[in-house]
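Close look at the chain arrangement
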Amino acid sequence: MESDGSVGVIIAAAGRGVRFGAPVPKQLLALAGKSLLTRSVEAFLGVEAVREIVVVVPADLATEAERQLPPAGRVSLRVVAGGARRQDSVAAGFRALSPEVDLVLVHDAARAFVTREVIERTIDATSRHGAAVAALAASDTVKRARPGEVALVAETLPRETIYLAQTPQGFTRQVLAAAVDLGERGAAATDEARLAELAGYDVCLVEGDPRNIKVTTERDRDLALALSAMAEAHAQEDSVMSAFRIGFGYDSHQLVAGRPLVLGGVHIPFDRGLSGHSDADAIAHAVTDAVLGAAALGDIGLLFPDTDPRWKDADSLALLADAATRTREAGFRVGNIDVTVIAERPKLAPWRQPICDNLARALQCGPERVSVKGKTNEGMDATGRGEAVAVHAVALLIRA
Ligand code: MG
């Protein structure tokens, strides 16, 4: 029953609900800057497989609901008017989905804190089993009450068998069509999974999430506010994390006789040079790795392997320029670059500015964004004995 087809979502927001003392139903009321409806829609927009979303609201609230829809990008997103009962609203949503949709998720707008993981688990189980419901295994002991004025325990149910159904609930087109049909012929149910069960289908339970609460009454308000604040903080963190990227690069080469010394593209007069396949420009190499690392585009060895004759005695600044072009194509520009060169000799100070200028030119950024510093290792290890040069570089990239 594997399905790699198109996923459609029906977000049911047609209830008048408990109003939190406000003139609009709770699903359209802003909590920490966003309504439950907006958050629910955003949760599904964040899932790769979702192609269409239909939001079902009472007819008189369609304009307000449309105003609250976030930008949907590649996803088709629209509002339709619901019916008298929940199942009528879901039926209206189902009719509004395009025929290409072969897997449908039904979700309550009031469950605004649903996670991407729960949605993806539900899609996955639906494509394997035909129908699936996000649900929480009961962690409390479950009592069944017997009817009467005073609540008395009739029995204690085996907790291992108890699950509390959440949404999303997922169905193949065929299963949801059968459930909707049953509802239209008079069967009543509080969720679509029940209708699918009544239509004779097996419904699979997948792990829900305790944060996936249904905001129902005034007493859910504080928890909803806390979850909204948490969601805002995560969104802010995500946008900062995707705006800035840090990369680190390192390189070292031996100093040997009979080679020119090239650092940052500058030919520095010295009695020895760095050994290596290319021009062995350790500054260019470390900066290249820092830039590639920040953009997660691999490293210098992967892009310009020293087994490839094309790179023999290659101008490493050209490799850096190539790497910088790749990061620009990936959507980044250079924030700044900081380089530390560890070399006992020669002294770097006289060459610092031309090195910075060369790096800036290769990176297509202003030279004020590039810093190069010299350091000695005071006689310790190979660099300290003047047998090698080592370079550390960090790069900050900014999403363009
Ligand atoms: Mg190297």
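Below is a summary of the structure that appears in this document. (Residues numbered from 1 in each chain as written. Predicted model: local features only at pLDDT ≥ 70, side-chain atom pairs only at ≥ 80, totals over all residues. Heavy atoms only, no water.)

**Here we look at the sheet that holds strand S4 (residues 50–57)**
Strand order in the open sheet formed by 7 strands is S5-S4-S1-S6-S10-S7-S11, with mixed pairing between adjacent strands. Edge strands, defined here as strands with exactly one partner in the open sheet, are strand S5 (76–81) and strand S11 (204–207). Across this sheet, the average inter-strand angle for adjacent strands is 25 degrees, counted without regard to direction. Bridge count between strand S1 (residues 6–12) and S4: 6 bridges; the pairing is parallel. Paired with Ile 10 across the bridge in S4 is Val 54. Against the sheet, helix H1 (residues 36–45) touches S1, S4, S5, strand S6 (101–108) and strand S10 (163–172), its axis set at about 165 degrees to S4. (Pairing = 2+ DSSP bridges. Helix = DSSP H or I, 4+ residues; strand = E, 2+ residues; numbered from the N terminus. Axes fitted to C-alpha atoms, helices over the stretch in contact; angles between N-to-C directions. Contact = heavy atoms within 4.5 Å.)

**Observations concerning the coordination of the magnesium ion**
Asp 251 (OD), His 253 (NE2) and His 285 (ND1) make up the full set of protein donors to the magnesium ion, lying at 2.1 to 2.2 Å. The motif formed by the donor residues of the magnesium ion, counted along the single chain, is D-x1-H-x31-H. Placement of His 253 in strand S12 (residues 244–257) and of His 285 in helix H8 (residues 282–294) is noted, with a sequence separation of 32 residues between them. His 285 carries the same exposure label as His 253, and that label is buried. (Donors = N, O, S within 2.8 Å, 3.2 Å for Na, K, Ca; no water. Buried < 20%, exposed > 50% of the residue type's maximum accessible area, 1.4 Å probe, protein only.)

**Section: the layout of surface pockets**
In this structure, the largest pocket occupies an estimated 660 Å³ of space. Contributing to the lining of the largest pocket are 19 residues, with Val 114, Thr 115, Arg 116, Ala 231 and His 234 lying nearest its centre. Those elements giving two or more residues to the lining of the largest pocket turn out to be H1, helix H4 (116–129) and helix H7 (221–243). A per-element tally of the lining of the largest pocket places H7 first, with 7 residues. Of the residues in the lining of the largest pocket, the class split is 9 nonpolar, 2 polar and 8 charged. What the second largest pocket holds in volume is close to 320 Å³. Around the second largest pocket, the lining comprises 19 residues; the ones closest to its centre are Ala 12, Ala 14, Gly 15, Lys 26 and Arg 86. Residues that form the lining of the second largest pocket fall into these classes: 7 nonpolar, 7 polar and 5 charged. (1 Å grid on protein atoms, 1.4 Å probe; cavity = no way out; pocket = protein on both sides within 12 Å on 5 of 7 lines; lining within 4 Å. Points joined across faces, edges and corners; volume = space filled by probe spheres on them. Nonpolar A, V, L, I, M, F, W, Y, C, P; charged D, E, K, R; others polar.)

**Focus on empty space enclosed by the protein**
Summed over the entire model, instances satisfying the criterion amount to 1 cavity of 30 Å³ or more. In this structure, the largest cavity spans a volume of roughly 30 Å³. Contributing to the lining of the largest cavity are Gln 87, Val 90, Leu 176, Ala 179, Val 180, Glu 192 and Leu 195. Elements supplying a minimum of two residues to the lining of the largest cavity: helix H3 (86–96), helix H5 (173–184) and helix H6 (192–198). In terms of residue count, H5 provides more of the lining of the largest cavity than any other element does, 3 residues in total.

**Examining the packing of H3 against H5**
The angle between the axes and the distance between the axes are what describe a pair of packed helices. Contact geometry of H3 with H5 gives a least axis separation of 10 Å together with a crossing angle of 135 degrees. When the interaxial angle is binned, H3 and H5 end up oblique. Seen from above, H3 lies across H5 with left-handed handedness. Listed contacts from H5 to Gln 87, Ala 91, Phe 94 and Arg 95 of H3 are Arg 173, Leu 176, Ala 177, Val 180, Gly 183 and Glu 184. Its residues assigned to classes, the contact of H3 with H5 shows 5 nonpolar, 2 polar and 3 charged. (Parallel < 35°, antiparallel > 145°, perpendicular 65-115°, else oblique. Left-handed = near helix turned anticlockwise from the far one by under 90°.)

**Thoughts on the side chain of Thr 122**
Mapped onto the elements, Thr 122 comes out in helix H4. Apart from the residues lying within four places of it in its own chain, the contact partners of Thr 122 are Leu 105, Ala 132, Ala 134, Pro 168, Gln 169, Gly 170 and Val 206.

**Some details on helix H11 (residues 352–363)**
Taking 1.5 Å per residue, 12 residues should reach 16 Å; H11 reaches 16 Å between its end C-alpha atoms and fits that length. Buried residues of H11: Ile 355, Cys 356, Asn 358, Leu 359, Ala 360, Ala 362 and Leu 363, and no others. Looking one or two residues beyond H11, the residue adopting positive phi is Gln 364, at roughly 55 degrees. (Expected span 1.5 Å × (residues − 1).)

**Overview of the environment of Ala 243**
For Ala 243, the location among the structural elements is in helix H7. For the pair Ala 243 and His 129, spaced 114 residues apart in the sequence, the C-alpha separation amounts to 40 Å. For Ala 243, the residues in contact, after removing those within four places along its chain, are Leu 397, Ile 398 and Arg 399.

**Here we look at a nonpolar patch on the surface**
A grouping of Phe 248, Tyr 250 and Val 394 is seen on the molecular surface, where their side chains present a nonpolar patch of about 300 Å² in accessible area. In this structure, Tyr 250 sits in strand S12. (Patch = residues over 30% accessible without salt bridge, like charges linked within 9 Å, V, L, I, M, F, W, Y side chains within 5 Å. Areas by Shrake-Rupley, 256 points an atom, 1.4 Å probe, with all protein chains shown as cover. Salt bridge = Lys/Arg side-chain N within 4 Å of Asp/Glu carboxyl O.)

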